[in-house]
Amino acid sequence: MAFSRKNAVGLRRVALAGVGAVAASVALVSPAIGQQTSPPVTVAPASPVVDARRPNILFVLVDDMGFADLSIMGDRKISTPNIDRLANAGALLTQFYDAAPICSPSRAGFFTGRFPAEVGFVTFINDSKSNAALGQADWLDPKVPNIASMLHRAGYATGHFGKWHMGGGRDVGAAPWPTAYGFDESFTTFEGLGPRVLVSDEERDLADQSAALGQGPYFYEKKTNLTQLYADKVLEFVSKHRAGPWYAQLWLNDVHDPWAPDDNSLNEVRGKGRNIDDDRYLATIVKMDRTIGNLVDRLKDMGQADNTLIVITSDNGPSALQRYYKNGATPPGSVLALRGRKGSLYEGGIRQPLILYWPGHVKAGYRDETTVGQGVDLLPTFAHVAGATVPEGADGIDLSPVLDGHAIGRRPLTFWAFGMPGAQRQPRGPFEPHDVAPGLAVRDGNWKLLAQADGSDVQLYDLRADPGEATNLAARQPRIRDRLLTRLRAWSAQLGRKGSRQE
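A quick note: this is a predicted structure, and the numbers were derived from the prediction, not measured.

Topic: the packing of helix 8 (residues 226-240) against helix 10 (residues 276-301)
Each pair of packed helices can be described by the angle between their axes along with the distance between the axes.
Part 1: Two numbers describe how helix 8 lies on helix 10: the axes approach to 10 Å, and their chain directions differ by 15 degrees. In this view, helix 8 runs roughly parallel relative to helix 10, as classed from their interaxial angle. For the element pair helix 8 and helix 10, the recorded crossing hand is right-handed. Taken together, the residues of helix 10 that come into contact with helix 8 (itself represented by Thr227, Gln228, Ala231, Val234, Leu235 and Val238) are Thr291, Leu295, Arg298 and Leu299.
Part 2: Looking at the contact of helix 8 with helix 10 residue by residue, the class counts come to six nonpolar, three polar and one charged.

Structure follows, in C-alpha cells:
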C-alpha cells in the first residue's frame, strides 16, 4: 500500500494504541512463547572469567538488516528458524543500538568500544575527497585499542571474515590490512585490503577499483555465494585453532542492496513481499539464516559449539535508497512502528535486536526488553567473558549481567553523531532517507534528544511512552531538554580533537 509520512505516524499510533506504557517503551513485538523476562536491577559487573574454559567468541554482524526482519522480532512474511533457535536458547535484547546509523562508524563503534565520532568515524568511508569534505577518516588508526588486539593479548586466536569497511577501497589504497589490528588472519571484500573476494555480478565498479589497488590477493565471485564462502573461511579458521580460545568476526554483506539470492531461496518466498525487490530481500535473509544454521551445526560437529559465545546483530537499519520510494512505498526491510531507517538517528536507523547464545552460560529463553545496550558495549562484555583487560578510554559498559538474566537498569549516557560537527553537511544522496533526522543524539534512561551541532532542531522523545518518536516534547520538558542538550553539545564540541583523523 502507499506509505506516506502521515500514514507512517498514523500506523505507529495504531500499532502502539492500547499497549501499556512499559510494554510499548521497550519492545514493539511480544515475547515468544516460553521466553522469560526479569525485572530490571542495577548490577555491578562481576569479576572477569579467568578459568581455562574461557569461551570462543563468534560475532556475526549483518549488514543493513532491519529491527524486525527476523521472525522472532515480528516478521510474518518469512521464517528465520535458525537464528530464532539461537535467540530462544539464549538471550535477546530488544533495546540494543548501533553506534551509528551507517556501516563504517557503526563497525568502528563495535570494534573499538568508543563512540565512533571520537575516533574520526562519522559516515561511511568513501573516496578520499569525500572523506576529507565530511571530516571522515580514511581508515581506523591501528593504534586505537580494539576487540581483536585486546583478545589477542589475552591469548585468543583472532580472525576477520567478511565485510570490513574501516579502511581500504575506492581510491584509498594505503589503508592498513585488517591483520594490522590484531587479527591473525583476515578475508574481506572490496571495502578492505589484504586477501579478499570481489563481487563479479553486483557493484562491479567498486570491485574493479579494489582490484586496481593491489594490496593483497583477490578473486571474483558472484554475490550470492559470499556468505557461504565467509562461513567456510570461519570453519577453516576454527579447525586450525580448535584447542582454543578463538575469536572470529563473521561480518556478512548479503543483506546490503543490491540483493542477490539464489533461485531456490527466491522461489521459496516469491510473492510474499510487496514487489520483486522485497521478494529478493526476504529471500536473502532466508538464505542467510540457513547458512548460519549450517555453520552452527558444523561447529557442533567439531565440538566447538558448547563453549562458544555467539553474538548476532545488525550494523544499522534497513535500506533507505531513494529509488525505492516510489508512489509512497518504502524500501524493503521492516522496522515495525519505529521511525527512520538507515542513515537516520531515529530509532529505525540505529535500534537492533542483540542475540547472545552460549549454552549453559546464558539464561535460556531470556528476553530483555529493559536493558539499553549500544555497540560500544561489546568490547567490555567480551573482555569480561574472556578475562581480558578493558582498554583505557572505552565508552561502553559490560553487558554480562544480561547473560544471567539480570536486566541493567541504568547506564551512562550514550551519544551518536552522523556527520562531523563543523564539517560539510552529510549530502542528500542515495543513502539518505526522506525523514531526515538531526545529526546528533543522546539517550539518558527513557529520554532521547536529537539536535544539530549548533543547538537547532531540538527534538525530545520519551521512548517509554513513544518508541515511534511521534511526539516532540522539547517545548513541554525544558529542564530535561536543556540538560541533555548541554551534555550533547559539550560532547560534540570535543569531536575532531581526539582519535585518529588521517591527513
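There is more to say, and it comes next.
What about empty space enclosed by the protein?
It is a probe the size of a water molecule, rolled over the atoms, that shows where empty space is left.
Part 1: Summed over the entire model, instances satisfying the criterion amount to two cavities of 30 Å³ or more.
Part 2: Computed from the structure, the largest cavity encloses a volume of approximately 80 Å³.
Part 3: Around the largest cavity sit Lys223, Thr224, Thr227, Asp254, Ala260, Pro261, Thr284, Lys287, Met288 and Thr291, which together line it.
Part 4: When residues of the lining of the largest cavity are assigned to their parent elements, the largest contribution, four residues, is made by helix 10.
Part 5: Partitioning the lining of the largest cavity into residue classes produces three nonpolar, four polar and three charged.
Part 6: Of the residues assigned to the lining of the second largest cavity, the class counts are four nonpolar, two polar and two charged.

Some words on helix 3 (residues 81-88)
Part 1: Of the positions making up helix 3, those classed as buried are Asn82, Ile83, Asp84, Leu86 and Ala87.
Part 2: Each element contacted by the buried residues of helix 3 is listed here: strand 3 (91-97), helix 10, strand 9 (308-314) and strand 10 (351-357).

Section: the sheet that holds strand 16 (residues 447-451)
Part 1: The four strands are arranged 14-15-16-17 in an open sheet whose pairing can be described as antiparallel. Edge positions in the open sheet fall to strand 14 (414-417) and strand 17 (459-462), since each of these has one partner strand only. Neighbouring strand axes in the sheet, compared pairwise and without regard to direction, differ in orientation by 15 degrees on average.
Part 2: Across four bridges, the pairing between strand 16 and strand 17 is antiparallel. Among the inter-strand pairings, leucine 450 is bridged to a residue of strand 17, identified as glutamine 459.

Some points on the pairing of strand 7 (residues 218-221)
Part 1: Judged from the four bridges that link them, strand 6 (residues 196-199) and strand 7 form a sheet pairing that is parallel. Within strand 7, the position partnered with valine 197 by the bridge is phenylalanine 219.

Parameters and conventions
Residues numbered from 1 in each chain as written. Predicted model: local features only at pLDDT ≥ 70, side-chain atom pairs only at ≥ 80, totals over all residues. Heavy atoms only, no water. Axes fitted to C-alpha atoms, helices over the stretch in contact; angles between N-to-C directions. Helix = DSSP H or I, 4+ residues; strand = E, 2+ residues; numbered from the N terminus. Parallel < 35°, antiparallel > 145°, perpendicular 65-115°, else oblique. Left-handed = near helix turned anticlockwise from the far one by under 90°. Contact = heavy atoms within 4.5 Å. Nonpolar A, V, L, I, M, F, W, Y, C, P; charged D, E, K, R; others polar. 1 Å grid on protein atoms, 1.4 Å probe; cavity = no way out; pocket = protein on both sides within 12 Å on 5 of 7 lines; lining within 4 Å. Points joined across faces, edges and corners; volume = space filled by probe spheres on them. Buried < 20%, exposed > 50% of the residue type's maximum accessible area, 1.4 Å probe, protein only. Pairing = 2+ DSSP bridges.

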